[in-house]
Amino acid sequence: MIPSTELFDVRGKVALVTGGSRGIGLMIARGLVDAGARVLVSSRKEADIVAAAQEIGAEAIVADVSTQEGAVALADAVRERTDRLDVLVNNAGATWGAPLEEFPQSGWDRVSHVNVEGIFHLTVALLPQLRAAASAEDPGRVINIGSVDGIKVPLTENYSYSASKAAVHMLTRHLAKRLAGEQITVNAIAPGPFESKMTAFLLSSEEGRAAVAAQVPLGRIGSDEDAAGLTIFLSSRAGAYLTGTVIPLDGGWSGCG
């Protein structure tokens, strides 16, 4: 029996967090670093990702996962730094909002390329490193960041975003089934309202923040600890027997809101 103090231990594990320069990605990366993991963070903007990495004690990689070539380039950069990857957090994402009859094709292309195809291409490209870290007792972990908007009809007109996150949830299940025999688990976290660039228009004012919090059964916006805590659980021995799941991290928004 593993001591309870070791069940959530991620010390020494190697993790990659995409979109790690801000928002939920930065929350997750900071939590993993603080828990003793070696963390690589990636983002398109060099200045942002370098600053974030220095702030939390991670390693920065400039990368764009919106194309297959970009995803493969990121995997190559990871391979130059480590021959094994214990945890892959596919967090990089894009959103788009516009009224129904004005919603542009570009709003579908960008969001789909980053949110869905990016996860697929990067996960496939990093399979050798994930396999190298995997064992029956301690599987390799892929954690996809979905959204409550992929579970419940959103409050805003973000058609491509909500559809893409629902696709992320199904892709998570599909990959989980395919990779289970290789001792790699694949799960998704579906966050509700957290501080991020995507939610800034809703949370930037005290009135807007209060209005959003009022719709959450637990009555508050998600915190850094909430995002980091669930990720650490999924990355540790405590989460080793879980795969193919989509876990709402939304204060009850989708389940009892």
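Look above for the structure.
Since the structure is predicted, the reported quantities are computational estimates derived from the model, not experimental observations.

Caption draft 1: How the structure looks around the overall build of the protein. Each helix and strand counted, the protein has 10 helices and 7 strands in total. The globule rule puts the C-alpha radius of gyration for 257 residues at 18 Å, and the 17 Å found for the protein is close to it. Taken along the three principal axes of its C-alpha coordinates, the protein extends 50 × 40 × 35 Å. Evaluated residue by residue, the protein yields a buried proportion of 50% over its 257 residues.

Caption draft 2: Region of interest: the pattern of salt bridges. Scanning the model with the defined rule gives 11 salt bridges in all. Residue Arg30 is joined to Glu55 by a salt bridge in which the shortest nitrogen-to-oxygen separation is 2.5 Å. Of the two residues, Arg30 sits in helix α1 (residues 23–34) while Glu55 sits in helix α2 (residues 46–56), which places them 25 residues apart along the sequence. For Arg30, a relative accessible area of 24% puts it in the partly exposed group. Residue Asp138 is joined to Arg141 by a salt bridge in which the shortest nitrogen-to-oxygen separation is 2.8 Å. Judged by its relative accessible area of 1%, Arg141 is buried. It is possible to trace a salt-bridge network through shared partners that takes in Lys13, Asp138 and Arg141.

Caption draft 3: Highlighting the layout of surface pockets. By volume, the second largest pocket is sized at about 180 Å³. The wall of the second largest pocket is formed by Ala136, Glu137, Pro139, Ala180, Gln183, Ile184, Thr185, Arg237, Ala240, Tyr241, Leu242 and Thr243. Classifying every residue of the lining of the second largest pocket gives 7 nonpolar, 3 polar and 2 charged.

Caption draft 4: Just empty space enclosed by the protein, in detail. Overall, the coordinates contain 1 cavity of 30 Å³ or more when judged by the stated rule. Roughly 30 Å³ of internal volume is contained in the largest cavity. Lining of the largest cavity is provided by Thr18, Val65, Asn90, Asn91, Ala92, Val114, Gly118, Ile119 and Leu122. It is helix α4 (residues 105–125) that provides the largest number of residues to the lining of the largest cavity, a total of 4 residues. Taken together, the residues of the lining of the largest cavity sort by class into 5 nonpolar, 4 polar and no charged.

Caption draft 5: Here's a closer look at the sheet that holds strand β2 (residues 38–43). What the 7 strands build is an open sheet, ordered β3-β2-β1-β4-β5-β6-β7; its pairing is parallel. On the outer flanks of this sheet lie β3 (59–62) and β7 (246–249), each paired with one strand and no other. Across the sheet, the mean angle from the axis of one strand to that of its neighbour is 20 degrees, orientation sign disregarded. Here strand β5 (residues 140–145) pairs with strand β6 (residues 184–191) via 6 bridges, running parallel. Bridge pairing links Asn144 to Ala188 in β6.

Caption draft 6: Inspection of helix α3 (residues 68–81) at higher detail. Between its terminal C-alpha atoms α3 stretches 20 Å, which fits the 20 Å expected from 14 residues at 1.5 Å a residue. On its buried side, α3 packs onto β1 (14–18), β2, β3 and α4.

Caption draft 7: Representation of the pairing of β2 within the structure. Counting buried residues in β2 gives 5 out of 6 residues, a clear majority hidden from the surface. Bridge count between β1 and β2: 5 bridges; the pairing is parallel. The residue bridging Thr18 from the neighbouring strand is Ser42, located in β2. Regarding topology, α1 serves as the crossover connection from β1 to the parallel β2, and that connection is right-handed. Two elements, β2 and β3, share 4 bridges in a ladder whose sense is parallel. Residue Val41 lies in a different strand from β3, and its bridge partner there is Ala60. At this point the chain moves from β2, through α2, to the parallel β3, and the crossover so formed is right-handed.

Caption draft 8: Local environment of the packing of aromatic side chains. As enumerated under the stated definition, the model contains 3 aromatic pairs in all. With centroids separated by 5.6 Å and ring planes inclined at 80 degrees, the aromatic side chains of Phe103 and Tyr159 adopt a geometry described as edge-to-face. Of this pair, Phe103 sits in the loop between β4 (87–90) and α4 while Tyr159 sits in helix α6 (residues 159–179), placing them 56 residues apart in sequence. What links up through ring pairs into an aromatic cluster is the set Phe103, Trp108 and Tyr159.

Basis of the calculations
Residues numbered from 1 in each chain as written. Predicted model: local features only at pLDDT ≥ 70, side-chain atom pairs only at ≥ 80, totals over all residues. Heavy atoms only, no water. Helix = DSSP H or I, 4+ residues; strand = E, 2+ residues; numbered from the N terminus. Rg over C-alpha atoms; globule rule 2.2 N^0.38 Å. Buried < 20%, exposed > 50% of the residue type's maximum accessible area, 1.4 Å probe, protein only. Salt bridge = Lys/Arg side-chain N within 4 Å of Asp/Glu carboxyl O. 1 Å grid on protein atoms, 1.4 Å probe; cavity = no way out; pocket = protein on both sides within 12 Å on 5 of 7 lines; lining within 4 Å. Points joined across faces, edges and corners; volume = space filled by probe spheres on them. Nonpolar A, V, L, I, M, F, W, Y, C, P; charged D, E, K, R; others polar. Pairing = 2+ DSSP bridges. Axes fitted to C-alpha atoms, helices over the stretch in contact; angles between N-to-C directions. Expected span 1.5 Å × (residues − 1). Contact = heavy atoms within 4.5 Å. Right-handed = clockwise from strand over helix to strand, strands pointing away. Phe/Tyr/Trp six-rings, centres within 6.5 Å; stacked < 30°, edge-to-face > 60°.

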